Amino acid sequence: MDPQRQSSEGDDGGERGLLHSWGGYSYAVVPERLLLPRPVLQVALGAQHGVLLVEGGQVYSFGELPWKQTQVLRATQPTLENALSGQRVVGVAAGSFHSGVVTEDGGVHMWGDNAAGQCGLSGLSSVPNPTPVALLDPGGPHTVPVLELACGERHSLALSAQREVWAWGSGCQLGLNAPAFPVWKPQKVEQLAGRCVLQVACGASHSLALVRCVGVEGMQRPPVDKCNQCNQLLYTMTDKEDHVIISDSHYCPVGVEAREEPPPTQTLKTSPSEPILPSHSSSAPTPAPPTPEPPPGPVSDPQDSQKACLTNGVHPPSDSDPPPPPKAAAPAAVKSSPYPDEREVKEYLRKLSDASQAEAKMAAGALHALQPSSSGRSSSALNSLVASCASAVGERVASTYEALSLKRMMNFYLPARLEALGGAADGTAERVRREESVQAKKSSSTGDIHEEEAEGLRRRLSLPGLLSQVSPRLLRKMGRSRTRGFALTPMGGGVPEDQEVFPTLHTEVWSWGHGEHGELGHGDNLARLQPLCIKSLNKKEVIRVAAGAHHSLALTAQSQVYSWGSNLCGQLGHMETPSTVPRLAKLSEGIRVWDASAGERHTLLLADGDCIQPIIYYSGQQVKEGEDGGGLEEEEEHVGGYTQQPVLLPFCMNLGYVSSVVAGGSRCVALSDRNVMGLIASLHELASAERKFYCKLCDVKSQVIRPLLELECLSSALGPAVTELLQTLAGRFSLLAHLTGQHAASLTADLRRGRDVKSLLILDHASIFLDLYNDYCSAVGNFFVMGGFHALTKPSLDIFGKTPELLQRLLECNEENPTTSDLLVALFYLPTQHLHEYGRLLLKLATCFEVSSSDYQKLQDSCSKFEALALQLKRKRKEAECTFHFWKSFPGKMTDSLRKPHRRLIYESSNKSLTVQNAGRFSVNWFILFNDSLVHAQFSTHHIFALATLWVEPTPDDDPGLQGLKVVAPEETLTLLASSSTEKSKWLRAINQAVDQALSGAGHDVGSSLSKSEPPISRTASYTFYKDGRLKDATYEGRWLAGKPHGRGILKWPDGRIYTGSFKNGLEDGFGEFVGPNKALGKDDIYQGYWKEGKMNGLGTYRYASGEVYDGNFQDGMRQGHGMLRSGKHNTSSPSVFIGQWLQDKKTGYGVFDDITKGEKYMGMWQDHQRQGMGVVVTQFGLYYEGVFKDNKMMGTGILLSEDDTTYEGEFSDDWTLSGKGVLTMPNGDYLEGSFSGEWGSGLKVTGSYFKPNLFDSDKDKNRAVKLGRLSVRAEEKWRAVFEECWSQLGCEAPGQGEHCKAWEAIAVALTSNRQQIQDSPDILSRSHSKTLEGLEAIPQHEGPITIERYHSIRLYLIKACDTPLHPLGRLVETLVAVYRMTYVGVGANRRLLPQAVNEIKSYLGRIFQIVRFLFPDLPEEGGLIPEPTESLGDNEQETSTETRTESPKPGRVVSSSALLLPVLLPRLYPPLFTLYALEKEKEDDMYWECVLRLNKQSDLALLAFLGVQQKFWPVSIPNALPAPGQKQPVISSTKDVCFASAVETLQQISTTFTPSDKLQVIQLTFEEITQEVQSLLRQDFLWSMDDLFPVFLYVVLRARIRNLGSEVSLIEDLMDPCVQHGEHGIMFTTLKACYYQIQHEKIT
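All of these numbers come straight from a predicted model, not from anything done at the bench. Within each chain, residues carry numbers counting from 1 in the order of the written sequence. Local features in this predicted model are restricted to residues of pLDDT 70 or higher, and side-chain atom pairs are both shown and tallied only at a pLDDT of 80 or more, whereas totals for entire chains, interfaces and linings draw on every residue. The side-chain values count all of the structure's non-hydrogen atoms but skip hydrogen atoms and water molecules.

The helix and strand inventory of the protein chain stands at 35 helices and 59 strands. Taking as baseline every contact in the protein chain between residues at least 6 positions apart, the subset at least 24 positions apart corresponds to 58%. The Shrake-Rupley method, run with a 1.4 Å probe, gives the accessible areas here. Residue values count only the displayed protein chains as cover. Taken as a whole, the protein chain presents about 71200 Å² of accessible surface, with 52% of it coming from carbon and sulfur. Here a strand is any run of E in DSSP of at least two residues, a helix any run of H or I of at least four, and the numbering for each starts at the N terminus. What makes two residues a contact is simply this: any of their non-hydrogen atoms within 4.5 Å.

On to the pairing of strand 3 (residues 40-45). It is a general feature of regular strands that their side chains alternate between the two faces of the sheet. Sheet topology places strand 3 next to strand 4 (residues 49-54); 5 bridges connect them, and they run antiparallel. Opposite Leu45, over in strand 4, you have Gly50 as the bridge partner. Paired strands, in this sense, are two strands between which DSSP finds at least two bridges. Counted between consecutive antiparallel strands, the loop separating strand 3 from strand 4 contains 3 residues.

Read from one edge to the other, the open sheet built from 4 strands follows the order 11-12-13-14, with strand pairing classed as antiparallel. Each edge of the sheet is formed by a strand with only one pairing partner; in this case those strands are strand 11 (146-151) and strand 14 (183-188). For this sheet the average axis-to-axis angle between neighbouring strands, irrespective of direction, equals 15°. Here strand 12 (residues 155-160) runs beside strand 13 (residues 165-169); their pairing, made up of 5 bridges, is antiparallel. Residue pairing in the sheet places Leu159 in a bridge with Val165 of strand 13. Lines fitted to the C-alpha atoms define the axes, with helices restricted to the stretch that makes contact. Angles between their N-to-C directions range from 0 to 180 degrees.

Turning our eyes to something else, we now look at the packing of aromatic side chains. The rule is short: rings of Phe, Tyr and Trp, with Trp giving its six-membered ring, pair when the centres are within 6.5 Å, and they are stacked under 30 degrees, edge-to-face over 60, tilted in between. Within this structure, the stated rule accounts for 59 aromatic pairs. On the basis of an interplanar angle of 85° and a centroid distance of 5.1 Å, the ring pair of Tyr1023 and Phe1025 is categorised as edge-to-face. The ring of Trp951 carries Arg1019 above its face, with NZ or CZ at 4.1 Å from the centroid. The cationic tip of Arg1171 hangs over the ring face of Tyr1162; the distance from NZ or CZ to the ring centre is 5.3 Å. Put simply, a charge is over a ring when the Lys NZ or the Arg CZ is close to the ring centre, within 6 Å, and near the line of the ring normal, within 35 degrees.

Right, let's talk about helix 26 (residues 1394-1415) for a bit. What a helix is expected to span follows from its residue count: subtract one and scale by 1.5 Å. Its 22 residues place the ends of helix 26 32 Å apart at the C-alpha level, agreeing with the 32 Å of an ideal helix rising 1.5 Å per residue. Taking burial as the measure, the 22 residues of helix 26 include 16 buried ones, the bulk of the element. Each residue gets one of three labels from its accessible area relative to the maximum for its type: buried under 20%, exposed over 50%, partly exposed in between, using a 1.4 Å probe on protein chains only.

Residue Phe181 is joined to Pro182 through a cis peptide bond whose omega torsion reads -5°. Inspection of the secondary structure puts Pro182 in the loop between strand 13 and strand 14. With a phi close to 50°, Asp1191 is a non-glycine residue in the positive phi region. Residue placement: Asp1191 occurs in the loop between strand 52 (1184-1190) and strand 53 (1193-1201).

Another point: the packing of helix 21 (residues 1280-1289) against helix 25 (residues 1368-1384). Between helix 21 and helix 25, the least distance of the axes is 10 Å, while the angle of their chain directions is 170°. Overall, the two elements helix 21 and helix 25 adopt an arrangement that is roughly antiparallel. Across the interface between the two elements, Val1282, Phe1283, Glu1285, Cys1286 and Gln1289 from helix 21 touch Pro1368, Arg1371, Leu1372, Thr1375 and Leu1376 from helix 25. Looking at the contact of helix 21 with helix 25 residue by residue, the classes come out as 6 nonpolar, 2 polar and 2 charged. Roughly parallel means an angle under 35 degrees; roughly antiparallel means over 145; roughly perpendicular covers 65 to 115; every other angle is labelled oblique. Each residue receives one of three labels: charged for Asp, Glu, Lys and Arg, nonpolar for Ala, Val, Leu, Ile, Met, Phe, Trp, Tyr, Cys and Pro, and polar for the others, Gly being one of them.

Relative to the helices and strands, Gly1370 is located in helix 25. Each C-alpha atom, one on Gly1370 and one on Ile1359, is 9.0 Å from the other, the two residues being 11 residues apart in sequence. With residues near it in sequence (within four places) discarded, Gly1370 still touches Ala1361, Cys1362, Thr1364 and Pro1365.

Any carboxyl oxygen of Asp or Glu that lies within 4 Å of a side-chain nitrogen of Lys or Arg is treated as forming a salt bridge with it. Within this structure, the stated rule accounts for 35 salt bridges. Of the charged contacts, one joins Asp855 and Lys758 as a salt bridge, the two residues approaching to 3.2 Å between their closest N and O atoms. Of the two residues, Asp855 is situated in helix 18 (residues 854-889) and Lys758 in the loop between helix 11 (720-752) and helix 12 (761-764); the sequence distance between them amounts to 97 residues. On the basis of relative accessible area, Lys758 is assigned to the exposed category, the value being 54%. One salt bridge in this structure joins Glu1285 and Arg1371, with 3.5 Å as the shortest N-O distance.

Time to look at the nonpolar core. For this analysis, a nonpolar core means a set of buried residues of the types Ala, Val, Leu, Ile, Met, Phe, Trp, Tyr and Cys, connected via side-chain atoms within 4.5 Å. Ile616 and Val704 are the most contacted members of the largest nonpolar core, which has 125 residues in total. The greatest single-element share of this core, amounting to 14 residues, is contributed by helix 9 (residues 679-709). Not counting residues within four places of it along the chain, the set of residues in contact with Val704 comprises Asp699, Phe800, Leu806, Leu807, Leu810, Leu824 and Leu827. Counting residues in hydrophobic clusters, the runner-up holds 74 residues, among them Leu1311, Val1373, Ile1401 and Val1412.

The next subject is the confidence of the model for the protein chain. Confidence in the prediction for the protein chain averages 75 pLDDT; 72% of positions are at 70 or higher. The pLDDT value expresses, per residue, how confident the predictor is, ranging between 0 and 100. Within the model, pLDDT remains below 50 along residues 355-487, and this stretch shows 299 contacts once partners closer than five positions in the same chain are excluded. Note on residues 489-499: pLDDT under 50 across the span, and 32 contacts to partners over four residues away in sequence or across chains.

Spelled out as structure tokens, the structure:
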């Protein structure tokens, strides 16, 4: 079929998914083309047939189909499988003689030969048409969805959506513990359960699985020491006099039971590089066949090896032996094992782990006696036993590599990624095992260290003495900290693998089934009943596996092919025959394989060559001999009809762009596309470029980076800091390489699958690439700047020699005599050039689409991102180079201190372009601008200005000739002069850009924005002060403005002081919190509150370390103004509370001191913390003192009253100590006059006269009552500081001095600022509170004449204002309430204090009224009148219900402080005040109450008669008078509580009201109720006379039974609005008062 024909046919068959088929190599130079109506998506080949999947999900079969019941057994043309119509198929698979498909919903359909149960349908020997097969999970009724299918000769495997493997059919290649074959129903392969299987493949009688490595989190299983199947110990250990023999050659016989746990053998590891040949020791009970290669070193005592060899009782067969027959093996395992039973071993281990014998007999140098494992697998045997011993010693031992190479055995105590295999039953071992299972574990199949990294260490750890007698603790220490292996293979963290979008490169290959030809790759010919990991392929980054009839292939991310198994026809692509371990196929350099498939005896490889178009290699049996291979690129030798290494198929170039190759039976198939619109070529080019790049990176890693890191002299040559940079660089390089490998793998997979732009990960996840390249470039730059490459020149001689051809080859450069350091720089910057490649290829892809399409847009955007980053990294490289050269020329001493990895040079003034103004003639000023600081260097000193806290601006143009720049730093301001205006603008721009850069983080690149963007003058930065002063060595972090802290920030001093809060112009200002450690007490002083200019100023709370708390005002850092100091808790030695005025940190002025321990309360004047001046003391025992204090003592004149009214008036010399003249008066009025001395209550000495006045002058005033209150502080003098604070909040210097407009502004400011602060913590703000605040934000009209309406609005405003402490008035009221309660509660509840308490309230009213009149200047003064509008009679009625109802003869409203303010103030002060009244009136109230109780026993009529109420007011008819019509029914004489009931009820409400006006209102309503009732009795208007009214009212009062009526009466009397006294209310009140006295003195006759 010639090419022309092919292309003409291509046009009608479409241009995608073209199918070409040929039979082996040298059969036909041109393959034939199978024509199908739609593009082919997937092909699978069996021994004689094939299955095709075309677009649209239809399936065709071709070839020999004996299971079809038609006459035509051989279908030359593909025939449609109609049974699958209606199903959308997504995958096909073909076994030797059966086929299967997977549908879109994960269903499986099978057909073909079913003799061995391979179609999964019981009872049929063959299945003619596709029939559904269900995978049923035993856990539930649901079928398990399937992702892909693989078919062998007599078995089938399915990969479920949960990434688990299911198998059915016959043979040990199923990996199931089936008692009998065939297995008709699909079953889960338990051995792989819980692992993530990526792909499965089936050979004729073996199976392969590609498994993702289990991460750290996946393997938290306890260490296994026993085989779960046959209950034998996995590791055998024999103790000899001078050595220990360890073997892990346990091997389970056929027919055992599979369980969840992975087999122990997973932990073994063969060397990845050299195959291990089976080796057996020659001493065994049955004659063993001779071994191909006896192990070097002395063979140990026959008995040991016998034990080692026959771990399982079944002698392992050699390569040539067939696998043991299933039936015989199982019993043999039990009977003939000469191995000691489990109990003995446990016992042995227990002994071994005993502390006394922890130093086990492992003499130095005896290691050579450690035997290689007998079943010819890896000798990591050694690891297991040492681990079980070492679990006693407490250190895990790493798997060793080949036992044959002693040099390699020295990985013993490397701490990295080891497997805990300790199995001792002893407690210590258990504990150790627990400790260690907590440490991160790698997948059990990667239980080794990266062999390459460990190489250098291995050399250092010399052999002798390693296992000498070491104490367990030392061993443990050594194991943890001995070395630092550099992990060049990134595991987990940081690799974009976490994002699950990229294909993983951390894979393992597992194989199981028959192994006669070595196709399992475990280094022997044994069969495996269960999946086992092929150790030598670990870390080879296998991304795809393929299985031929008896050979296997693994394709790696580095585009290499490993092959193993039968090589009879050269199908392995190398000359080893047969190969029982994976080896690399021999391909010329530069050939990168990216798809591979294996047939019966041949292998097909799809690879990148020199051009973009893929090329195909063939390896294996030749169908016809003698064809001349003259035109082939590769040398080709015909030896016995097969190729000795892969050969190029010359016709592959004609096939177009091949996307995948398939081999099967003896046929080959290729799927290809034409270059539609250039898209296919571009996709191939992108994938090919990425694969090539990945191979290059891997070469650099293995040939340059790893040897460098392993150099012995590395850290001494570079120094620790630069070595760390190199390690960072190597780590970043690894991450970059890893990402590239993942991306290459995903591109390769896309080529095989869809060949579509939408699936390109580089578009959706561009940021991962960009970030990684950016990080990598920074790491290279940092290493370069620190002179790392330069320093590497010498140590690298060992690796590259004097002529670094290797580096030149890797760089593909042909410069003459380049230096090693230049080559290294170029080599490490090489990856960044790949960004251009990305940009170019994405642009190329974009041109394949319409400009308007979204694909074009996406590709174009990504392209520009990569191009932009490429430019940026180029600039970064240039900066790094400039900086490196700058450091080379810079004076050495400064270099050491200034040279930092991330620091880059931007500009410097060595050309004298910048000097300091007014500098001396000989001074040297050199300015260097880095990307993080501006350095000012002088002769031998230099100063560094961090850019984040640097402000620069041109100097004002006073002198146009001066090219000045003003540079402001937190502690310095410099004026710099530039040599010319261009230099000035250059420097200005450079500094501003660098500052902007430093502030925004290194997101943009220096110089990237050429705009003259000025950095913000206000910014966030941190800075440590260095100059002497208050802030020396303190670190500030927060907002700045023009060189000073301004805004919110945190200031920390080295001694532990911390300030957090607001700053202004560099000083603490506003709200802030300060913590200062108190060294002596070991606790902190904490202040929270307001500051001004660096000092505490305003309200705040200071909690002292001693436990004292001060809550109040500060000024200039001292307590000043009103404040409260609480000392101690109630249970400590001296709990006390002081509330009052402070001056310069001392108690000065009026204050109340409550000494809780003594039970005394002092209310009076203070000076310098001492009681000085007038004051009052009350004690808990009822003593009352008022008088003068001096030096904290009662000294001078005073009055002392005790509870029983005994009074002393006279001189005092000390607390409670009388001294001098005085008068002592007894409660009965007798008195002593004279001079007294002694302490009150403990015997007084008296010289004087005794008087008993009552004997003679009985007509005189009975007792000389002492007038109290003369020697106490006047009410107006109290709490001055509280009011002053309020005035100052309103912006007044002194009370009443200031402008009321400014006061309103101050209120608005206070409300908004406080509200903002509270909004930050919304839990404080209740909804009602925020409503109140909103209501206050509107300033009421405060000017103009006051009308009644305005008066009401003012009243309402005041009620609201006093409701919130955020308003100055509210704060004032809150403070007054606090101080009032503080004074009169507790010990202060002393009846003698009542007059003072009442006067205090009156003084509050007056002083607050002054403030209200200041805010509303037009409000009349106390007692002034507001004219009432005559027409508003309706208002009047409403007003009766309000508190301020006043009756006045004139039409108008009298303004009084009590009417306006008592409603606000009194309810808050009522409890302490009323308590004082109750105490004062206690005796009178008791008399009154006794009388009330007595009189209330009488019935209504009796009481009315007793009180002398006129009968016409009695609300019941007396029997001798006829009841008038409509009158109430007669009440029987015994009725109680019926008469005047409503009036009684009204009067009882007097106790529920607070203010006098409210109480008067209640009295008035009571009178109205009485009147109403009497009027209804008399049915006429009626005017009271006092004589009529008084008895009726007296009756109501008695029946109301008010307990503390005397207190209520006194309270009304004391606080009544003076303007009311002579009105109607006044008369009613007098009536009530008269009733009270009448009841007290009522005599009942």
